[in-house]
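Analysis of the macromolecular model
Residue strings, one per chain:
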Amino acid sequence: MRIMTDSGALYSTAQGKEIGLDVACLQVVVNDKSYIEFEEISSEDFLAEVKKGGVPTSSQPPIGTTMGIFEEYPDEEFICISMADGLSGTYASTVSASESVDNPERITVLNSRTLCGPQRYLTQTALKLRDQGLSKDEVVAKLNELTEETLETMQQYTNIALFGLDTRQAGSLGKGNRSDTIMVASINNETKDVKIMS
């Protein structure tokens, strides 16, 4: 059984290969130039471009890349842990790719309903459970359970991203502006406790 995710889980293709994970990398665009995330531009270089005033966008992995991974292992089962549907077209694209290859029933695509750290945690858990010998159905059931637990925990908090802009000119918002402060305020909805991270 193969475990697959997208780079929303913060893995590059090379990092994935080291741990037996297939990774389909998103495309990122900054300064009108497109890159394959973690492959053609590093996180450091990407952030440097943003700090210079580049406006970043992203797009799901090309469907051909995803299909290519499925087709490389035509006789293996897959569990694909995708970044949140609604935040990206990655989930829908992965489902479409899975339906376009031979034996689509061997592929299960999970909507993580999250991204980054929690998506990475689900991916690490899937790898661990696979290595312990659990079946595809058992791994999928456990991941669905963890996803629900994560959502329940997340509903206990309201998170707000705060950005301070350095416009260099009063009243001027637009190209060339920089975010010079980024903070996340996390509010416990029950206790009203507030934590701020910068």
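Scroll up to find the structure.
Computed from a predicted model, the values in this text were never measured in an experiment.

**Some thoughts on the overall build of the protein**
Each helix and strand counted, the protein has six helices and 10 strands in total. For the protein, buried positions account for 36% of its 198 residues. In the protein, once contacts between residues fewer than 6 apart in sequence are set aside, the share between residues at least 24 apart is 62%.

**Things to note about the pairing of strand S1 (residues 2-6)**
Within a regular strand, side chains alternate between the sheet's two faces. Burial within S1 is extensive, with five of its five residues counted as buried. The alternating pattern of S1 places Arg2, Met4 and Asp6 on one face and Ile3 and Thr5 on the opposite face, and all of these are buried. One ladder, built from four bridges, connects S1 with strand S6 (residues 78-82); its direction is parallel. Bridge assignment links Thr5 to a residue of S6, and that residue is Ile81. Taken together, the four bridges between S1 and strand S2 (residues 21-24) define a ladder with parallel strand orientation. By the bridge assignment for S2, Asp6 is matched with Ala24.

**Regarding the pairing of strand S7 (residues 107-111)**
Burial analysis of S7 places four of its five residues in the buried class, the great majority of the element. Pairing geometry for S6 and S7, over five bridges, is parallel. Note on S7: the bridge partner recorded for Cys80 is Val109. You can see the chain leave S6, run along helix H4 (residues 90-99) and come back into S7, and the turn it takes is right-handed.

**Describing unusual backbone geometry**
A positive phi angle, near 70°, is found at Phe38, a position not held by glycine. Following the sequence through the fold, Phe38 ends up in the loop between strand S4 (33-36) and helix H2 (43-51). A relative accessible area of 24% means that Phe38 is categorised as partly exposed. For Lys192, which is not glycine, the phi torsion reads 70° and is therefore positive. Along the chain, Lys192 turns up in the loop between strand S9 (178-188) and strand S10 (194-197).

**Quick look at the side chain of Arg130**
Structurally, Arg130 can be placed in helix H5 (residues 117-131). Of the residues examined, Arg130 reaches a relative accessible area of 17% and is grouped as buried. Side-chain polar atoms of Arg130 contact the side chain of Asp131, separated by 3.0 Å. In this structure Arg130 touches Met1, Arg2, Ile3, Ile19, Gly20 and Val139, once residues within four positions along its chain are discounted.

**Looking at empty space enclosed by the protein**
Considering all chains together, one arrives at two cavities of 30 Å³ or more under this definition. As for the largest cavity, its lining consists of Met4, Thr5, Asp6, Ala24, Pro61, Thr66, Cys80, Ile81, Ser82, Thr90 and Thr94. Partitioning the lining of the largest cavity into residue classes produces five nonpolar, five polar and one charged. Within the residue set of the lining of the second largest cavity, elements represented by two or more residues are S7 and helix H6 (136-154).

**Here we look at the environment of Thr123**
In this fold, Thr123 is placed in helix H5. Overall, Thr123 belongs to the buried group, its relative accessible area being 0%. In this structure, the C-alpha to C-alpha distance between Thr123 and Ala9, residues 114 residues apart in sequence, is 7.6 Å. In this view, Thr123 contacts Ile3, Thr5, Ala9, Tyr11, Leu21 and Ile81; residues no more than four positions away in its chain are not counted.

Rules used in this analysis
- Residues numbered from 1 in each chain as written.
- Predicted model: local features only at pLDDT ≥ 70, side-chain atom pairs only at ≥ 80, totals over all residues.
- Heavy atoms only, no water.
- Helix = DSSP H or I, 4+ residues; strand = E, 2+ residues; numbered from the N terminus.
- Buried < 20%, exposed > 50% of the residue type's maximum accessible area, 1.4 Å probe, protein only.
- Contact = heavy atoms within 4.5 Å.
- Pairing = 2+ DSSP bridges.
- Right-handed = clockwise from strand over helix to strand, strands pointing away.
- Polar contact = N/O pair within 3.5 Å; in protein donor to acceptor, adjacent residues only side chain to side chain.
- 1 Å grid on protein atoms, 1.4 Å probe; cavity = no way out; pocket = protein on both sides within 12 Å on 5 of 7 lines; lining within 4 Å.
- Points joined across faces, edges and corners; volume = space filled by probe spheres on them.
- Nonpolar A, V, L, I, M, F, W, Y, C, P; charged D, E, K, R; others polar.

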